[in-house]
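Each chain, letter by letter, is given below.
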Amino acid sequence: MPGRAAHRPDRPNRPERPHRPERPHRVVAVVDENTNPFELGCAIEVFGLQRPEIGRPLYDFALCAPEPRTVMRDGFFTLTGVADLAAADSADTVIVPHRPDVEVPRRPALLDAVHRAHARGARLISFCTGAFTLAEAGVLDGRRATTHWQWADVFRARFPGVRLEPDVLFVDDGDVLTAAGSAAALDLGLHVVRRDHGAEIANAVSRRLVFAAHRDGGQRQFVERPVPRIPDASLAPLLAWAQEHLDTPLSVADLAARAAVSPATLHRHFRAELGTTPLAWLTGERIALACRLIERGETRLDVVARRSGLGTSAHLRALMHRETGLTPSAYRRRFGPDVGDGEPFHVKHGVSRETPPAVRPAASPIGP
């Protein structure tokens, strides 16, 4: 557990300059026969594209494959010109995307590459049924993981030693992370960016993607009503209103009153449209706002707690540690405002100090 630095609310301290690695974190995605282009595209979009608005490279990204020519899913196209599997041996993070036929064993060379990466301490990520590849490589035994709901029973039968969580978007088990389905690859990708670079950077990437900046991994994979029949009856207006009033002591009862429904009805709507509870959603939004405030230079924990609606410094500390694994002071040291030239991120890149406009949470089922 990270240590808690002494804090004097009446004497704000300048945040320490966060450590900047000498080179960007290297991410390598492994492509094999019948890899799904969508999940591969998610990996490229999140980790591979340049972000000039951020002003520094976030990742050093590459593709690799066991063979010089790789036929993608259903033969739509053939991928050539990528590195061989040796590229995975120098990766800090190795991504294993989707595989449509879970009954076909992976190539031993690919499994060996995954196993070697894990043995030397690299972070492993799988998208959708890529969890089968990680399990075949023997790196999921005794670990928490998820996969697409359609293949959960098959996975559990083949790999009983894995602690499968079949009804969540993604699982972060430290150095091994698994996403459930196609769209959840973006959720997990943004979660990793947030873990590596903080909420402000993750929000900048999500804005480029026009995708929800944060959907908690514990949300359900499949929602009952992906497209509301009557747009005005959706939760979007309520969510937008709540995001503008996070600094007020909102409760679930307040949200229900605003929506003119009972708390029980509101709970059902949240479960149906977002796959989570009103309280869990509200807490997640408040923690995300608290992280942004700390990244933008606010050092007074009582102010962060009040402006994010978390109440007290003690409550802020407890919830931040639960949700991010870091205390506020540790989060500040890691994701403080300095970007290497003395200017805070929001000044250098023209980002408003206020809460950015809400990106509506995606409310669609995650397809195979």
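Note that the structure is predicted; figures quoted are calculated from it, not measured.

Draft legend 1. Fine view of the environment of Gly130. With respect to the helices and strands, the residue Gly130 is situated in helix H3 (residues 130-136). Remark: the alpha-carbon pair of Gly130 and Thr147, spanning 17 residues in sequence, is separated by 7.7 Å. With residues near it in sequence (within four places) discarded, Gly130 still touches Val96, Pro97, His98 and Arg99.

Draft legend 2. Here's a closer look at the pattern of salt bridges. Enumeration over the complete set of coordinates arrives at 18 salt bridges. Arg106 is the salt-bridge partner of Asp32, the closest N and O atoms lying 3.4 Å from each other. Separated by 74 residues along the polypeptide, Asp32 in the loop between strand E1 (25-30) and helix H1 (37-48) and Arg106 in the loop between strand E5 (93-96) and helix H2 (108-119) bring together distant segments of the chain. On the basis of relative accessible area, Arg106 is assigned to the buried category, the value being 11%. Between Arg296 and Glu200 there is a salt bridge, and its shortest N-O distance comes to 2.6 Å. Placement of Arg296 in the loop between helix H10 (278-295) and helix H11 (301-307) and of Glu200 in helix H6 (residues 199-209) is noted, with a sequence separation of 96 residues between them. Across the pair, Glu200 and Arg296 agree in class, each one buried.

Draft legend 3. Spotlight on the pairing of strand E6 (residues 123-127). Buried residues dominate E6, accounting for 5 of its 5 residues. Going residue by residue along E6, you find Arg123, Ile125 and Phe127 tucked away on one face and Leu124 and Ser126 tucked away on the opposite face as well. Sheet topology places E5 next to E6; 4 bridges connect them, and they run parallel. The partner of Val94 across the bridge, within E6, is Leu124. Alignment of E6 against strand E10 (residues 176-179), held across 4 bridges, turns out to be parallel. By the bridge assignment for E10, Ser126 is matched with Thr178.

Draft legend 4. Summary view of the side chain of His191. Along the polypeptide, His191 turns up in helix H5 (residues 184-197). Ignoring sequence-local partners within four residues, the contact set of His191 consists of Phe170, Asp172 and Leu177.

Draft legend 5. Up close: the packing of H5 against H6. Following both chains from N to C, one finds H5 and H6 inclined at 150°, their axes separated by 7 Å at the closest point. Considering their axes alone, H5 and H6 lie roughly antiparallel with respect to each other. The interaxial crossing formed by H5 with H6 has right-handed handedness. Residues Leu186, Leu190, Val193, Arg194 and His197 of H5 touch H6, and the partners they reach there are Ala199, Ile201, Ala202, Val205, Ser206 and Leu209. Residue classes in the contact of H5 with H6 are distributed as 8 nonpolar, 2 polar and 1 charged.

What counts as what
- Residues numbered from 1 in each chain as written.
- Predicted model: local features only at pLDDT ≥ 70, side-chain atom pairs only at ≥ 80, totals over all residues.
- Heavy atoms only, no water.
- Helix = DSSP H or I, 4+ residues; strand = E, 2+ residues; numbered from the N terminus.
- Contact = heavy atoms within 4.5 Å.
- Salt bridge = Lys/Arg side-chain N within 4 Å of Asp/Glu carboxyl O.
- Buried < 20%, exposed > 50% of the residue type's maximum accessible area, 1.4 Å probe, protein only.
- Pairing = 2+ DSSP bridges.
- Axes fitted to C-alpha atoms, helices over the stretch in contact; angles between N-to-C directions.
- Parallel < 35°, antiparallel > 145°, perpendicular 65-115°, else oblique.
- Left-handed = near helix turned anticlockwise from the far one by under 90°.
- Nonpolar A, V, L, I, M, F, W, Y, C, P; charged D, E, K, R; others polar.

Coordinates in, geometry out; function isn't part of it.
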